[in-house]
Amino acid sequence: MGSITVLLVTQVASYLEQQLNKRYNLFRLWDHPQKSHFLTQHGASIRAVVGRSTGGADSELIDALPNLEIISSSSVGVDKIDLVKCKEKGIRVTNTPDVLTDEVADLTIGLILALLRRICECDRYVRSGNWKRGGYELATKFSGKTVGIIGLGRIGTAIAKRAEEQTHHIINREVISALGPKGFLINIGRGKHVDEPELISALLEGRLGGAGLDVYENEPHVPQELLGLQNVVLLPHVGSATVETRTVMADLVLGNLEAHFLGKPLLTPLI
Ligand SMILES: O=CC(=O)O
């Protein structure tokens, strides 16, 4: 497969990059600051794109790759890929569903506990030496609390495909007000699901109890106002980021590419 040219559009786990490099003629987009010059020179040779949650293929990139056959994303989310255009052009798209479910669910529970039991605050309290002045303030019990989950399961995905963008700012002022000063918001999906300015005002004004966030509207930018708040726990989009899970995801990306180029059925096709 060394004669097949693959374009890596964003940094991925080093295992995945090494394996791609071994098997294919690999270009890394970020090695070419003059993107349009690079695409004019090499665009026609590229038959596959590999990306993840930080980068995919928009309409402009797809147009610059006239012989593109497949986009294989090392992520469950494919919001950085123009799926409509892929469908029109007959470009196959794969992602890495299921294999990261446990990892993301584990971290969600971690985020809930960190937020409600104030684990990060307690850690800062001990490190700062303040414990000597007295015990820390009381936290909130998690067991027995009602948890509302808004997400894209199999049915939700089917609905979302039929009604694009229905999830944009689904967590708005109304939902935040319904959670109230004793409620907590956890976002482990995509930043754009939450109206971030509304979330910030609610936190600043005490209209929401707290927030645990792994994703933001404009990553890697995290609004300054959030950084100063004690009642938020902030993670850098690491839902599936363990060595074990990222390796399984990488193998799925590689498996999809191999199946495609051998003319076999894709392992996890989206389109
Ligand atoms: O954000 C991570 C993913 O979509 O897998």
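Being a predicted model, the structure only gives us computed values, none of them experimental.

The rules behind these values
- Residues numbered from 1 in each chain as written.
- Predicted model: local features only at pLDDT ≥ 70, side-chain atom pairs only at ≥ 80, totals over all residues.
- Heavy atoms only, no water.
- Helix = DSSP H or I, 4+ residues; strand = E, 2+ residues; numbered from the N terminus.
- Buried < 20%, exposed > 50% of the residue type's maximum accessible area, 1.4 Å probe, protein only.
- Contact = heavy atoms within 4.5 Å.
- Areas by Shrake-Rupley, 256 points an atom, 1.4 Å probe, with all protein chains shown as cover.
- Lys, Arg positive; Asp, Glu negative; His and termini not counted.
- Charge placed at Lys NZ, Arg CZ, Asp CG, Glu CD.
- Domains from an automatic or database assignment.
- Buried area = accessible area lost by both parts, 1.4 Å probe.
- Phe/Tyr/Trp six-rings, centres within 6.5 Å; stacked < 30°, edge-to-face > 60°.
- Salt bridge = Lys/Arg side-chain N within 4 Å of Asp/Glu carboxyl O.
- Axes fitted to C-alpha atoms, helices over the stretch in contact; angles between N-to-C directions.
- Parallel < 35°, antiparallel > 145°, perpendicular 65-115°, else oblique.
- Left-handed = near helix turned anticlockwise from the far one by under 90°.

Remarks on the overall build of the protein
Move 1: The helix and strand inventory of the protein stands at 11 helices and 8 strands.
Move 2: Along the first, second and third principal axes, the C-alpha set of the protein runs to 65 × 40 × 35 Å.
Move 3: The 271 residues of the protein split such that 40% are buried.
Move 4: For the protein, restricting intrachain contacts to residue pairs at least 6 apart in sequence, the fraction spanning at least 24 positions comes to 55%.
Move 5: A total accessible area of about 15,100 Å² is found for the protein, and carbon and sulfur atoms account for 54% of it.
Move 6: Each charge sign in the protein was given a centre, from 29 positive and 30 negative side chains, and these centres are 4 Å apart.

Section: the domain arrangement of the protein
Move 1: Domain annotation of the protein identifies domain 1 (5–99 + 243–261) and domain 2 (101–234).
Move 2: Spacing between the C-alpha centres of domain 1 and domain 2 amounts to 31 Å.
Move 3: Facing the 6 residues of domain 1 at the interface are 5 residues of domain 2.
Move 4: A buried area of about 550 Å², summed over both sides, lies between domain 1 and domain 2, and 31% of it is on carbon and sulfur atoms.

Structural notes on the packing of aromatic side chains
Move 1: One pass over the structure, following the stated rule, counts 3 aromatic pairs.
Move 2: Taking 5.1 Å as the distance between ring centres and 80 degrees as the angle between the ring planes, the aromatic pair formed by Phe27 and Phe38 counts as edge-to-face. Taken together, the residues span a long stretch of sequence, with Phe27 in strand β2 (residues 25–28) and Phe38 in helix α2 (residues 35–42) at a distance of 11 residues. In this pair, the class of Phe27 matches that of Phe38, namely buried.
Move 3: Ring centres of Tyr125 and Tyr136 lie 4.7 Å apart, and the angle between their planes is 55 degrees; this geometry places the pair in the tilted category. Of this pair, Tyr125 sits in helix α6 (residues 119–127) while Tyr136 sits in the loop between α6 and α7 (154–162), and the two are 11 residues apart along the sequence.
Move 4: Judged by its relative accessible area of 25%, Tyr136 falls in the partly exposed class.

A closer look at the pattern of salt bridges
Move 1: Under the definition given, this model contains 12 salt bridges.
Move 2: A salt bridge links Arg47 to Glu69; the shortest N-O distance between them is 2.7 Å. Here Glu69 lies in the loop between α3 (59–63) and β4 (70–73) and Arg47 lies in strand β3 (residues 46–51), a separation of 22 residues in the sequence.
Move 3: For Glu69, a relative accessible area of 25% translates into the label partly exposed.
Move 4: Arg118 is the salt-bridge partner of Glu137, the closest N and O atoms lying 3.2 Å from each other. Of this pair, Glu137 sits in the loop between α6 and α7 while Arg118 sits in the loop between α5 (101–116) and α6; the two residues are 19 residues apart in sequence, bridging distant segments of the chain.
Move 5: Residues participating in the shared-partner salt-bridge network are Glu17, Arg28 and Asp31.

Concerning the packing of helix α1 (residues 14–23) against helix α11 (residues 243–261)
Move 1: Where α1 meets α11, the axes come as close as 9 Å, and the angle between the chain directions of the two elements is 25 degrees. Between α1 and α11, the angle falls in the class roughly parallel. Two packed elements cross with a definite hand, and for α1 against α11 that hand is right-handed. In this structure, α1 uses Tyr15, Leu16, Gln19, Leu20 and Arg23 to contact α11, whose residues at the interface are Thr247, Ala250, Asp251, Val253, Leu254, Leu257 and Glu258.

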